[in-house]
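Observations on the model geometry
Okay, here's what each chain looks like letter by letter:
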Amino acid sequence: MTLTRKLLLSYLALVGVTALTLVVAADRLLRARLSSEAAVELEREARFLGAAARGRSGAELDSTVRSLGRATDRRLTIVDANGVVIVDSDFRRDEVASLENHADRPEVRAAHAGRTGMDLRRSASTGRWELKVAVPIGNGAVVRVSSPLPQVDALVADAQGAVLLGAVIAAGVAALLALGFAGDVARPLVRLRDAAQAIAGGESPALDLRGRDEVGDLARALRTVDERLSARLRELEHERSEMAALIASMVEGVVACDALGAVTTLNPAARLLLGLGSDDRPASVRELFRQRAAREAVDATLAGGATAGLEVEHENRTILLSGQALPGGGAVFALHDVSDLKRLETVRRDFVANVSHELKTPLTVVRGYAETLLKDDPPSDIRRGFLDTMLTHSRRMQRLIDDLLDLSRIESGAWRPEPAAIPLSAAVADAWRSLRDRPGAGTLAFTTQVDPNSAALQVDPGALQQILLNVLDNAVRHTPAGGRIAVRARRDGPDVRLDISDTGAGIPAEHLPRIFERFYRADPARDRERGGTGLGLAIVKHLVEAHGGHVEAESTVGTGTTIRMRLPAA
């Protein structure tokens, strides 16, 4: 039901209740007032009848009473002191004896007591509603005048009709006024309702702010609510955008789900870690994991718990799974890929073990010979042999430590290349000159073939010298007497392709992918015997890549090995 109809019906109901109240009031007040006036008139007539009946009796009295009754259109009754009806204008003399005793009638009882008695009731004799007034006339006798009240009823009915007619007219006028007033009241409220619905729908409301009454105050308050709500929504949208951008840019995977486990958020990192495409959306977070422990952790988190640092293996990756239940139901999970950390931890352990192993052998030799020299007094030629061995192993440890420091400096970023134009042929000649005094180097054939277009490199001088020394040192140590070492260089676009080949024992194919790792040796026992530290090629790889170049190895067992490098040309 509309507000206008409610107001209209309320006003009509108010008019109706008012009219009904007036009708009832008119009935009671008019009836009481008219009855009182009629009682006064009946009392006057009763006294007149008493005066006329005094001294009369028998037929004369009956004739007088009946004549007066017809003349006044009243019922006249005379009752003696015992309540016996003596004469009644409505009954013949032979019928009077059959009337009831009137001693117990209220008006008669009051007249016997010397007062004027009055009562309104239905007459037992005539069956009509009558107003009865009785007065004493002496010797205990009572004269009573009874009269129906048709005039009173007619006047009251006329008054009620007038009131009802006025009520109908008032109701019509009130309906018209109420309709207009209700429209004036409801119209701004309807506009406020439409404005509130617009605000709820995220639209701009149309508000009339000109009013100075309560409706105007409400409109202005609603405008304030809309402005504050819009500002808050903009803030929330901004925060949501920031949060979405933050989650999308995170390296860690983020997965959010509702209370039933349905996935609601899946950032790009999580898709990458879990092997999902950009359009893939799993129905449940449980489907993301295959391991039983991971699914149990998901169920426990959805039940209101938390998961911290659970390692999960997923497609050759190690993922740390952490989860936290949300207050309103659901949960959010963080996925951190620790595969590289696990690999680095393995490399670190291997590195420590390798360094310890590499240092243990020369230290053991040096310590053993030193203890022998302290306890015994060997001949001078044996003592000299001991000292030479100790010096050799000390130098080996020194080279190992130097290589470790160089590698650490390069990997940590503490070293930066300072490129300059370096003549390649001169750099190769200097490097070979440093190595040709090594045992076995003099028996090797060394050749250099540098294309004129690649005569100079744009590299750090110290780095180029270290690259050449490490590669050539490996070639010298692994090439038997009578073998060949060749250095070739040619231009390849903006770079120079530098190949260093030997005719040594070669490297088995299964070892080639790892020879640039620290401490990796295809034949550890023979390499240590030849004085290698296991770090030379790792240093070469880092130095070449620091210049934006690339290095790789080709080898055939029994034929030899070629180290191919690409370095920037001058």
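See the structure shown above.
To start, this report covers the structure provided alongside it. If you're wondering where the values come from, they're calculated on a predicted model, not measured in any experiment. (Residues numbered from 1 in each chain as written. Predicted model: local features only at pLDDT ≥ 70, side-chain atom pairs only at ≥ 80, totals over all residues. Heavy atoms only, no water.)

**Regarding the packing of helix 11 (residues 424-435) against helix 12 (residues 461-478)**
- Remark: helix 11 packs on helix 12, axes separated minimally by 9 Å, with the N-to-C direction vectors making an angle of 50°. By the angle between their directions, the pair helix 11 and helix 12 is classed as oblique. For the pair helix 11 and helix 12, the sense of crossing is right-handed. Together, Ala427, Val428, Asp430, Ala431, Trp432, Ser434 and Leu435 of helix 11 and Leu464, Gln465, Leu468, Leu469, Leu472, Asp473 and Val476 of helix 12 make up the contact between the two elements.
- Tallied by class, residues from the contact of helix 11 with helix 12 come to 10 nonpolar, 2 polar and 2 charged. (Axes fitted to C-alpha atoms, helices over the stretch in contact; angles between N-to-C directions. Helix = DSSP H or I, 4+ residues; strand = E, 2+ residues; numbered from the N terminus. Parallel < 35°, antiparallel > 145°, perpendicular 65-115°, else oblique. Left-handed = near helix turned anticlockwise from the far one by under 90°. Contact = heavy atoms within 4.5 Å. Nonpolar A, V, L, I, M, F, W, Y, C, P; charged D, E, K, R; others polar.)

**Looking at the nonpolar core**
- Residues Leu464, Leu468 and Met565 are the most contacted members of the largest nonpolar core, which totals 42 residues.
- Of all the secondary structure elements, the ones that give two or more residues to this core are helix 11, strand 13 (456-459), helix 12, strand 14 (484-492), strand 15 (495-502), helix 14 (536-546), strand 16 (550-556) and strand 17 (560-568).
- Apart from the residues within four sequence positions on either side, Leu464 is in contact with Ile422, Ala427, Leu457, Val459 and Leu567. (Core = buried A, V, L, I, M, F, W, Y, C linked by side-chain atoms within 4.5 Å. Buried < 20%, exposed > 50% of the residue type's maximum accessible area, 1.4 Å probe, protein only.)

**Here's the deal with the sheet that holds strand 12 (residues 445-450)**
- Strand order in the open sheet formed by 5 strands is 12-14-15-17-16, with mixed pairing between adjacent strands. Edge positions in the sheet fall to strand 12 and strand 16, since each of these pairs with one other strand and no more. Averaged over neighbouring strand pairs, the angle between their axes works out to 15° when direction is ignored.
- Against the sheet, helix 11 makes contact with strand 12, strand 14 and strand 15, and its axis sits at roughly 165° relative to strand 12, the strand it touches most. (Pairing = 2+ DSSP bridges.)

**Observations concerning helix 14**
- Gly536, Leu537, Ala538, Ile539, Val540, Leu543 and Val544 are the residues of helix 14 that are buried.
- Downstream of helix 14 by a residue or two, Gly548 has a phi angle that is positive, lying close to 80°.

**Points about the pattern of salt bridges**
- This structure, assessed with the given rule, holds 20 salt bridges.
- Close ionic contact of Asp94 with Arg92 constitutes a salt bridge, the shortest N to O distance being 3.4 Å.
- Its relative accessible area of 46% is what places Arg92 among the partly exposed residues.
- Arg566 is paired through a salt bridge with Asp495; the nearest N and O atoms lie 3.6 Å apart. Note that Arg566 is positioned in strand 17 and Asp495 in strand 15, a separation of 71 residues in sequence. (Salt bridge = Lys/Arg side-chain N within 4 Å of Asp/Glu carboxyl O.)

**What to know about the environment of Val108**
- Assignment of secondary structure puts Val108 in helix 4 (residues 106-112).
- Using a relative accessible area of 0% as the deciding quantity, one classes Val108 as buried.
- For the pair Val108 and Ala81, spaced 27 residues apart in sequence, the C-alpha to C-alpha distance is 9.5 Å.
- Residues in contact with Val108, not counting those within four places in the same chain, are Val79, His102, Ala103, Ala134 and Val142.

**Looking at the side chain of Asn267**
- One can find Asn267 in the loop between strand 7 (263-266) and helix 7 (268-274).
- A polar atom in the side chain of Asn267 sits 2.8 Å from the backbone nitrogen of Val254.
- In this structure Asn267 touches Ile247, Ala248, Met250, Glu252, Gly253 and Val254, once residues within four positions along its chain are discounted. (Polar contact = N/O pair within 3.5 Å; in protein donor to acceptor, adjacent residues only side chain to side chain.)

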